[in-house]
Amino acid sequence: MSVSAAHANAFFVELEAEVWTIEDDGGIPAPANPDGRRAMPFWSRESRAQRVLDTVPAYSGCRPRAIPVAEWRERWLPGLERDGLLVGINWSGRSATGYDLTPAEVSARLGSHSHPG
């Protein structure tokens, strides 16, 4: 299993009451991936989001933001789907890279795990 696959798998295992993203005064970043599709990043733990903020210069002006999982599932994932954005899962490393899944793929994976809302 690759590092990115391990981090993506950990997302679904670790997810509890909140999902984490990062934001600055302009909002949440949604950079283009190598395929040219845009992805919005989310992490299963605040510490994972903070590690990216501490190591990736492009995100140095951002701060972590918690989103209740129920709200993320019910409002954010459908909104990302409408906007044609992918879901960046537990990005890591100096370039903040990892798996980018469609909102439908994330919803399906979440359906196979029980999480508090």
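Attention in this report is confined to the structure presented alongside it. The structure displayed is predicted, hence computed values, not measured ones.

## Let's talk about the overall build of the protein
- Within the protein, the secondary structure is distributed over four helices and five strands.
- Secondary structure elements of the protein occur, N-terminal to C-terminal, as α-β-β-α-β-α-β-β-α.
- Computed over its C-alpha atoms, the radius of gyration of the protein comes to 13 Å, within 12% of the 13 Å expected for a compact globule of 117 residues.
- C-alpha extents for the protein along the principal axes are approximately 35 × 30 × 25 Å.
- Taken across its 117 residues, the protein has 44% of its residues classed as buried.
- Nonlocal contacts in the protein, meaning residues at least 24 apart in sequence, comprise 68% of its contacts between residues at least 6 apart.
- If you sum the accessible surface of the protein, you get close to 6,100 Å²; carbon and sulfur atoms cover 48% of it.

## A short note on the packing of aromatic side chains
- The full count for this structure, using the stated rule, is four aromatic pairs.
- Centre to centre, the rings of F11 and F12 are 5.2 Å apart; their planes meet at 80°, and the pair counts as edge-to-face. One exposure class covers both F11 and F12, and it is buried.
- Grouped by ring-pair contacts, the aromatic residues F11, F12, F42, W72 and W76 constitute a single cluster.

## What about the nonpolar core?
- One finds F11, F42, W72, V87 and V106 to be the most contacted residues of the largest nonpolar core, which totals 21 residues.
- When contributions to this core are tallied by element, the ones reaching two or more residues are α1 (3-14), β2 (39-42), α3 (69-83), β4 (86-92) and α4 (103-111).
- The leading source of residues in this core is α3, at five residues.
- Aside from chain neighbours lying at most four places away, what touches W72 is F11, V19, F42, I67, L77, V87, V106 and L110.
- With 13 residues, the next largest nonpolar core counts A49, V56, C62 and L86 among its residues.

Cut-offs and rules
- Residues numbered from 1 in each chain as written.
- Predicted model: local features only at pLDDT ≥ 70, side-chain atom pairs only at ≥ 80, totals over all residues.
- Heavy atoms only, no water.
- Helix = DSSP H or I, 4+ residues; strand = E, 2+ residues; numbered from the N terminus.
- Rg over C-alpha atoms; globule rule 2.2 N^0.38 Å.
- Buried < 20%, exposed > 50% of the residue type's maximum accessible area, 1.4 Å probe, protein only.
- Contact = heavy atoms within 4.5 Å.
- Areas by Shrake-Rupley, 256 points an atom, 1.4 Å probe, with all protein chains shown as cover.
- Phe/Tyr/Trp six-rings, centres within 6.5 Å; stacked < 30°, edge-to-face > 60°.
- Core = buried A, V, L, I, M, F, W, Y, C linked by side-chain atoms within 4.5 Å.

By themselves these figures say nothing about function.
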